[in-house]
Amino acid sequence: MDPQPENEIGKVRFWGYVGLLRSNSNFRRLWCAQIVSEIGDWFYTLAIYNLLLQLTGRASSVALALVLQVLPQTLIGPTSGVVNDRLRRKQVMIAADLLRVVIVSSMLLVRSKEMVWLIYPLLLLETLMAALFEPARSSVIPNIVRKEEVVLANTLSSTTWSLNLLLGSSIGGIVAALLGRDAVFVLNALSFLVSAWFISRMRFEEPHVEGRAPFHFRELLDYTPVMEGIRYVQRHRDLLATVFVKSGNLVVGPSWVLFTVMGQTEFKVVWPGVNPERGAFLGMSFLLGARGLGALIGPLMNAPWAGKSQSRLRLGILFGYVACATGYALLGLANHLWIACLCIVLGHIGGSTVWVFSTTLLQLSTEDRFRGRVFAADLGFCMLMIAVGAFIAGRLVDAGFAARSVASGAGLMMVLPVLLWGYRLRKESKAGIVGGLAAEDVASG
């Protein structure tokens, strides 16, 4: 039998996820590390945003917090990419986790309005650690799974992130309401410790460091590797476009600010025995839970259709952009919590599809020795747009615009990436790339 075509559609089924976890101990440990650290992160994010809005009363304080959680990932991106392409990525992840244990624990020092300032440098430091960790995690996946399992691994990672958001935001609201914010900070710090333990038990080869000279810190000031990475992406036109895909999801940044404000004002949960402050926390947690549900459904629904067909992955990104635009445009019309949640679910079915499909395309198309720099750039551009979107949304809300109106405006802005990506697909179709779908279907039987 002839070898399968490179672009052939692979089957993504439930038992494929089970088989991957049962047979691949390295991926299983990375997956377990993701579960514990991300659930802790969602507990922590809810607590931070609620604390800031409570102590300052300004949406812009939440926006500033989000900017400090994402913008440094853009600024440190070149350095993070070099570090992840020169050091063992396993060691980078462990070091980042252990440092975050200390950073998150320090949040317990914020006890009053006068201490609010401390939150911002701590968020900045935690962000720098995340900027080192996340490109490392994305880069090791092709080293620990077979090529035909990459889409399985990415889909499972994305749906796990979504389920963690759903559980973490929902349970986190209850934990904070019952036990207080301090308990949330302690749990998140412990989650990073457990994550580091799981990663320390992974055993796999890292070919990008084999036979290379020891790393020296002065290399961080040498931008030659950065320029090599830029030239590599420029030579590969598919990579050049795909690196910007996640940054085209323009609703992500505003959503963090808007969900916090909506929970506090328009969709506060009223339950017997629950005071208004904690009702606002629960309203925010339901909105974030809806985001997690949408992000969970998206890849599970769309990955079986796309498989590992690169042309379908590209087309799926277009559908994802359209779903984002529609969900957030309709959010402005929602007058009940459950309607708002449905709109958010639709928007993030699209958003998670964009994330998983673009990540898979990058992993399939990038050489191992450049993968750290490519994923650092991918994350950096994405975080820059999240920071800009959050800042603008915070300023608009503080200027008197309704949070739902700002959400609809963000949804309408998504027309721009829809048109740009659609134009790209049309050009590819003329070149016979998207047109290859029919041939792939025939090849897959």
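So, how was this worked out
- Residues numbered from 1 in each chain as written.
- Predicted model: local features only at pLDDT ≥ 70, side-chain atom pairs only at ≥ 80, totals over all residues.
- Heavy atoms only, no water.
- Helix = DSSP H or I, 4+ residues; strand = E, 2+ residues; numbered from the N terminus.
- Buried < 20%, exposed > 50% of the residue type's maximum accessible area, 1.4 Å probe, protein only.
- Contact = heavy atoms within 4.5 Å.
- Areas by Shrake-Rupley, 256 points an atom, 1.4 Å probe, with all protein chains shown as cover.
- Core = buried A, V, L, I, M, F, W, Y, C linked by side-chain atoms within 4.5 Å.
- Polar contact = N/O pair within 3.5 Å; in protein donor to acceptor, adjacent residues only side chain to side chain.
- Phe/Tyr/Trp six-rings, centres within 6.5 Å; stacked < 30°, edge-to-face > 60°.

Q: Can you help me understand the overall build of the protein in this one?
A: The helix and strand inventory of the protein stands at 18 helices and 0 strands. Looking at the protein as a whole, 58% of its 445 residues qualify as buried. Relative to all contacts within the protein whose residues are 6 or more apart in sequence, the contacts with residues 24 or more apart total 86%. As displayed, the protein has an accessible area near 19,000 Å², and 66% of this comes from carbon and sulfur atoms.

Q: Even after reading the chapter, I still don't get helix H4 (residues 77-86), so can you show me in this structure?
A: Helical geometry: 3.6 residues make up each α-helical turn, so side chains three or four residues apart lie on a common side. The buried count for H4 comes to 8 of 10 residues, which makes it a mostly enclosed element. Three or more residues of H4 are buried, namely Gly77, Ser80, Gly81, Val82, Val83, Asn84, Asp85 and Arg86.

Q: Just checking my understanding: could you explain the nonpolar core for this structure?
A: Core analysis: the biggest nonpolar cluster contains 118 residues, and Ile48 and Leu331 have the highest contact counts within it. With 13 residues, helix H2 (residues 25-56) is the single largest residue contributor to this core. Setting aside its immediate chain neighbours within four residues, Ile48 contacts Met107, Ile119, Leu123 and Phe185. Val243, Phe370, Val374 and Phe375 belong to the second largest nonpolar core, which has 8 residues in total.

Q: What should I look at first to understand the environment of Trp421 in this one?
A: Considering the arrangement of structural elements, one finds Trp421 in helix H17 (residues 415-430). Setting aside its immediate chain neighbours within four residues, Trp421 contacts Ala241, Val245, Arg314, Ile317, Leu318 and Tyr321.

Q: Would you mind showing me how to read the side chain of Asp368 here?
A: Within the secondary structure, Asp368 sits in helix H15 (residues 368-398). On the accessibility criterion, Asp368 (15% relative accessible area) is buried. Separated by 2.9 Å, the side chains of Asp368 and Arg371 make a polar contact. Those residues in contact with Asp368 that sit more than four places away from it in its chain are Asp85, Arg89, Asn143, Pro207 and His208.

Q: Mind showing me how you'd approach the packing of aromatic side chains here?
A: Describing an aromatic ring pair means giving the distance of the ring centres and the angle of the ring planes. Counted under the stated rule, the structure contains 3 aromatic pairs. Here the aromatic rings of Phe244 and Phe381 are separated by 4.5 Å at their centres, their planes lie at 25°, and the arrangement is stacked. In this pair, Phe244 sits in the loop between helix H10 (237-242) and helix H11 (252-264) while Phe381 sits in helix H15, placing the two residues 137 residues apart along the sequence. With relative accessibility at 41%, the residue Phe244 sits in the partly exposed group.

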